[in-house]
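Structure at a glance
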Amino acid sequence: MADIIQLLPDHVANQIAAGEVVQRPSSVVKELLENAIDAGASSIKLVVKDGGKTLIQIVDNGSGMSTTDARLSFERHATSKISRAEDLFRIQTKGFRGEALASIAAIAHIEMHTRLEEEELGTEIKIEGSKVISQEFAAVAPGTSIAVKNLFYNIPARRNFLKSNQVELRHITDEFQRVALAHPSVEFIYYHNGSPLFNLSESETRKRIVQVFGRKTNEKLVPIEEETPQLRISGYICKPEFAKKSRGEQFFFVNGRFIKSAYLHHAMMSAFEGLIRPDHIPGYFIFLQVDPATIDINIHPTKTEIKFEDEHTLYAILRSAVKHSLGQFNVSAALDFDSDPNLQTPYHFRNKSPNNPEVSFDSSFNPFKVKGGQPGKVTGARNGNNGWQEIYVGLESGLGNAEQMSRMNFDEESMETGELFEESVGSMVTTLQLGRKYILCTIKSGLLVIDQHRAHQRVLYESLLKNLTLKETVSQQLLFPLVFSYNKSEIKMLHEMEESLGTLGFSFEQWEADQVEIKGIPPFMKEDEVGIVLDSLLADFLLKSKTEAVSQADMLAKSLCKTMAVRAGDTMDSTSQLALVNDLFGCKEIDSSPFNKPIFITITEKDIEHKFI
Ligand code: ADP
Ligand code: MG
């Protein structure tokens, strides 16, 4: 039999490659935007007609190309970005496969104008289905303009497969947003059918996010920052109360490249666990900087999936960085309650009478529900006093609603928790202890059953975390120092925690190899509790692996609140019950304990009525 294998002609090979690179108009937009970025453009204009089916044009003010390069750029495997195999391990550019232009040219009509800054004349090239129709000198601006017309004109099957203009436009906008978010210092202008969709001036990351997603976004963002020898994480996460059921604001960028990663998304979901409803998805804009040698971008033609050398560590670092940010954010939020003196003093409800026998809390706080227009109000209310808004750059948000944080006074539209209490405005809250385990509390629609142990854990946790962060040390000096014996490694652990424990009021003296003297303890702690508290702290410290612990402060606060919280079986008088309810509703996060257990349940009047049927 004769030989039957032959090499495919270039234009056929290009068409096949195009099948991988160009799925739809948005793929063209992505490739061309990335080329403009790689060319060092500081301003990029995107013009789209009919969802990209008729025209996609990108104009940049980047480096431009020489006449030879302009012609060569449409060849397969033609790239200026790598020249040797080793270059694959230090990729800093978006492109490097040299296939995009060749692929696009195989399936569309192309018109390119390009000029190097230093040349007087530029080049105009027209290509149809891989065939160069004309090439001429032309008087054009420095930079490059590529117009891609009639996409898939020669592959009817693909063209018919395209969705409506609206859907294709949506895909294009997604790609546009990803590139725009990753490159805030570049100006972007985007037109569809003659109307401007985006006009993004040169900016920085936070402002760019706001430019892209709207002014309301600013108040949702919490910064995240983490640096290890291997990587740098920066960016923003959206506060838990803004999590949505739908996807749309989840972004990972690795070295400036948007990527999809189910694994890293899982890390985000797990960091938010307990803070958002299970069917909700948190928003995030995470920028990872890693050594290009530790990633493999090459595993997918569109390069949206990449492989990390050490994915597990990355997962752990990312998760803990997010938790850390959320923790800090909780603390900052608590600082806003200066109208509630209970939150300014270390907490010990057993010995304290409440200042006001009314329940007082942030009426606008809702960890879940966000209705149209409400978020501004919510944040505004919590921001009323010089608190955390300083963390955020000065973009306008709905400030000035401090008065909303009034006692028992809920906004009609505010959240479920708020609605629960609505009718009790001005009236005294009645509480009752049930089985020395639960606090019952009447609400508008029925009954609130609060787990006293978990509620107190939450209150203590937030208060401890606040102390640890503010470092406003108050200590109770002991007349007779306490002496505790520990083994060597326990002494070492205590040493490691000494500074944080000092912040809480512990003062250690006379460190010996196997014992330590304690002269001061936190004001809210009883002397006879100290031994138990420290023992359980040491046990927790030992258990927590380094990567798992969000931060030492978080670990300490969790451990201490667990040991010190009132337990099931403890009797609470009515003053203590009220104080607990009062303080719980002053917390940032009221419905789950620091260990993600529900704090209360509600029994509605309806539930009760049903029982009587
Ligand atoms: P890759 O980006 O993977 O190198 P492309 O096919 O996208 O492959 O582009 C081929 C080459 O054409 C690039 O390496 C670059 O040298 C040149 N090029 C493409 N677009 C531009 C542009 N907008 N400005 C300057 N040069 C460009
Ligand atoms: Mg490219």
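Residues numbered from 1 in each chain as written. Chains lettered and ligands numbered in written order. Predicted model: local features only at pLDDT ≥ 70, side-chain atom pairs only at ≥ 80, totals over all residues. Heavy atoms only, no water.

Before going further, it helps to spend a moment on the overall build of the protein. For the protein, the helix and strand inventory stands at 17 helices and 22 strands. Taken over 613 residues, the protein has a buried fraction of 53%. Restricting to contacts in the protein with at least 6 residues of sequence separation, those with at least 24 account for 70%. Put simply, the protein shows about 28,200 Å² of open surface, and 52% of that area lies on carbon and sulfur atoms. (Helix = DSSP H or I, 4+ residues; strand = E, 2+ residues; numbered from the N terminus. Buried < 20%, exposed > 50% of the residue type's maximum accessible area, 1.4 Å probe, protein only. Contact = heavy atoms within 4.5 Å. Areas by Shrake-Rupley, 256 points an atom, 1.4 Å probe, with all protein chains shown as cover.)

Turning our attention to the site of ligand 1. Lining the immediate surroundings of ligand 1 are 19 residues, of which Asn35, Thr79, Ser80, Lys81 and Gly98 lie closest. Interatomic distance of 2.5 Å between a side-chain N/O atom of serine 80 and an oxygen atom of ligand 1. In isolation ligand 1 has 530 Å² of accessible area, and contact with the protein removes 93% of it. (Near = heavy atom within 4 Å. Polar contact = N/O pair within 3.5 Å; in protein donor to acceptor, adjacent residues only side chain to side chain.)

With 56 residues, the main nonpolar core has Ile44, Leu46, Val148, Phe176, Phe188 and Phe285 as its most contacted residues. No other element matches helix 6 (residues 165-182), which puts seven residues into this core. Among the domains, domain 1 (10-202) and domain 2 (209-328) are the pair contributing at least three residues each to this core. Apart from the residues lying within four places of it in its own chain, the contact partners of valine 148 are Val28, Leu32, Thr54, Leu55, Ile56, Ile104, Ala108, His109 and Ile110. Residues Leu482, Tyr486, Met497 and Leu538 belong to the second largest nonpolar core, which totals 35 residues. (Core = buried A, V, L, I, M, F, W, Y, C linked by side-chain atoms within 4.5 Å. Domains from an automatic or database assignment.)

Although it is not a glycine, aspartate 50 sits at a positive phi angle of roughly 50 degrees. Backbone geometry places arginine 436, a non-glycine residue, at a positive phi of 50 degrees. Residue placement: arginine 436 occurs in the loop between strand 16 (431-434) and strand 17 (438-443).

Summed over the entire model, instances satisfying the criterion amount to 17 aromatic pairs. With a centroid separation of 5.6 Å and 85 degrees between ring planes, the pair formed by phenylalanine 176 and phenylalanine 188 is classed as edge-to-face. With a gap of twelve residues between them, phenylalanine 176 in helix 6 and phenylalanine 188 in strand 7 (residues 187-192) connect regions that are remote in the sequence. Connected via pairs of aromatic rings, a cluster forms that spans Phe213, Phe251, Phe253, Phe258, Phe285 and Phe287. (Phe/Tyr/Trp six-rings, centres within 6.5 Å; stacked < 30°, edge-to-face > 60°.)

On to the environment of serine 485, then. Mapped onto the elements, serine 485 comes out in strand 19 (residues 476-485). Among all residues touching serine 485, those that are not within four sequence positions of it are Asp514 and Gln515.

Attention now goes to the pairing of strand 21 (residues 515-521). Burial of strand 21 is extensive: five of the seven residues sit out of reach of the surface. Relative to strand 21, strand 19 is paired through six bridges, and the arrangement is antiparallel. Bridged to phenylalanine 484 within strand 21 is valine 516. Relative to strand 21, strand 20 (residues 507-509) is paired through three bridges, and the arrangement is antiparallel. Each residue of the ladder has a partner; that of phenylalanine 508, found in strand 21, is isoleucine 518. Hairpin connection of strand 20 to strand 21: five residues between the antiparallel strands, including glutamine 510 at a positive phi of 50 degrees. (Pairing = 2+ DSSP bridges.)

Before going further, it helps to examine the pattern of salt bridges. For the coordinates displayed, the defined rule picks out 18 salt bridges. Among the ionic pairs, glutamate 34 bridges to lysine 30, the shortest N-O distance being 3.4 Å. Pair noted here: glutamate 34 and lysine 30 are both in helix 2 (residues 25-38), with a separation of four residues, about one helical turn. Residues glutamate 34 and lysine 30 agree in their burial class; the two are buried. Where lysine 562 meets aspartate 540, a salt bridge forms, and the shortest distance between an N and an O atom there is 2.9 Å. Note that lysine 562 is positioned in helix 15 (residues 552-564) and aspartate 540 in helix 14 (residues 530-543), a separation of 22 residues in sequence. (Salt bridge = Lys/Arg side-chain N within 4 Å of Asp/Glu carboxyl O.)

A word on helix 13 (residues 488-504). Taking 1.5 Å of rise per residue, 17 residues should cover 24 Å, and helix 13 covers 23 Å from first to last C-alpha, within 8% of that figure. Remark: the principal bend of helix 13, roughly 60 degrees, maps to glutamate 498. Regarding helix 13, the residues found buried are Ile491, Met493, Leu494, Met497, Ser500, Leu501, Thr503 and Leu504. Residues of helix 13 that are buried in the fold lie against helix 12 (452-470), strand 20, strand 21, helix 14 and helix 15. (Expected span 1.5 Å × (residues − 1). Bend = angle between axes of the 7 residues up to and from the residue.)

Turning our eyes to something else, we now look at the sheet that holds strand 20. Strand order in this open sheet of three strands is 19-21-20, and the pairing throughout is antiparallel. Bordering the open sheet on either side are strand 19 and strand 20, each of which pairs with just one other strand. When the angles between neighbouring strand axes are averaged without regard to direction, this sheet yields 30 degrees. The strands that helix 14 touches are strand 19 and strand 21; relative to strand 19, the one it contacts most, it runs at about 50 degrees. (Axes fitted to C-alpha atoms, helices over the stretch in contact; angles between N-to-C directions.)

Remark: helix 13 packs on helix 14, axes separated minimally by 11 Å, with the N-to-C direction vectors making an angle of 100 degrees. Regarding the angle of helix 13 to helix 14, the classification is roughly perpendicular. For the pair helix 13 and helix 14, the contacting residues are Glu490, Met493, Leu494, Glu496, Met497 and Leu501 in the first and Leu534, Leu537, Leu538, Phe541 and Leu542 in the second. Classifying every residue of the contact of helix 13 with helix 14 gives nine nonpolar, no polar and two charged. (Parallel < 35°, antiparallel > 145°, perpendicular 65-115°, else oblique. Nonpolar A, V, L, I, M, F, W, Y, C, P; charged D, E, K, R; others polar.)

What follows covers the sheet that holds strand 13 (residues 284-290). Strands sit in the order 9-10-13-11-12 across an open sheet of five strands; the sheet is mixed. Each of the sheet's edge strands pairs with one partner strand only, and the pair in question is strand 9 (221-227) and strand 12 (257-259). Pairwise comparison of adjacent strand axes, ignoring direction, gives a mean angle of 20 degrees for this sheet. Strand direction decides the pairing type here: strand 10 (residues 231-238) and strand 13, joined by seven bridges, are antiparallel. From the neighbouring strand, tyrosine 236 faces strand 13, where its bridge partner is phenylalanine 285. Relative to strand 11 (residues 250-254), helix 6 is tilted by about 55 degrees, and along the sheet it contacts strand 11, strand 12 and strand 13.

Once that is clear, we can look at a nonpolar patch on the surface. The grouping of Met1, Ile4 and Ile5 at the surface amounts to a nonpolar patch, some 490 Å² of accessible area in total. Here isoleucine 5 shows up in the segment before helix 1 (10-21). (Patch = residues over 30% accessible without salt bridge, like charges linked within 9 Å, V, L, I, M, F, W, Y side chains within 5 Å.)

This part takes up the environment of valine 483. If you trace the backbone, valine 483 turns up in strand 19. A sequence separation of 27 residues divides valine 483 from glutamine 510, and the C-alpha atoms of the two residues are 9.4 Å apart.

Bringing a negative patch on the surface into the picture now. The grouping of Glu117, Glu118, Glu119 and Glu120 at the surface amounts to a negative patch. The topology assignment puts glutamate 118 in the loop between strand 3 (109-115) and strand 4 (122-128). (Lys, Arg positive; Asp, Glu negative; His and termini not counted. Charge placed at Lys NZ, Arg CZ, Asp CG, Glu CD.)

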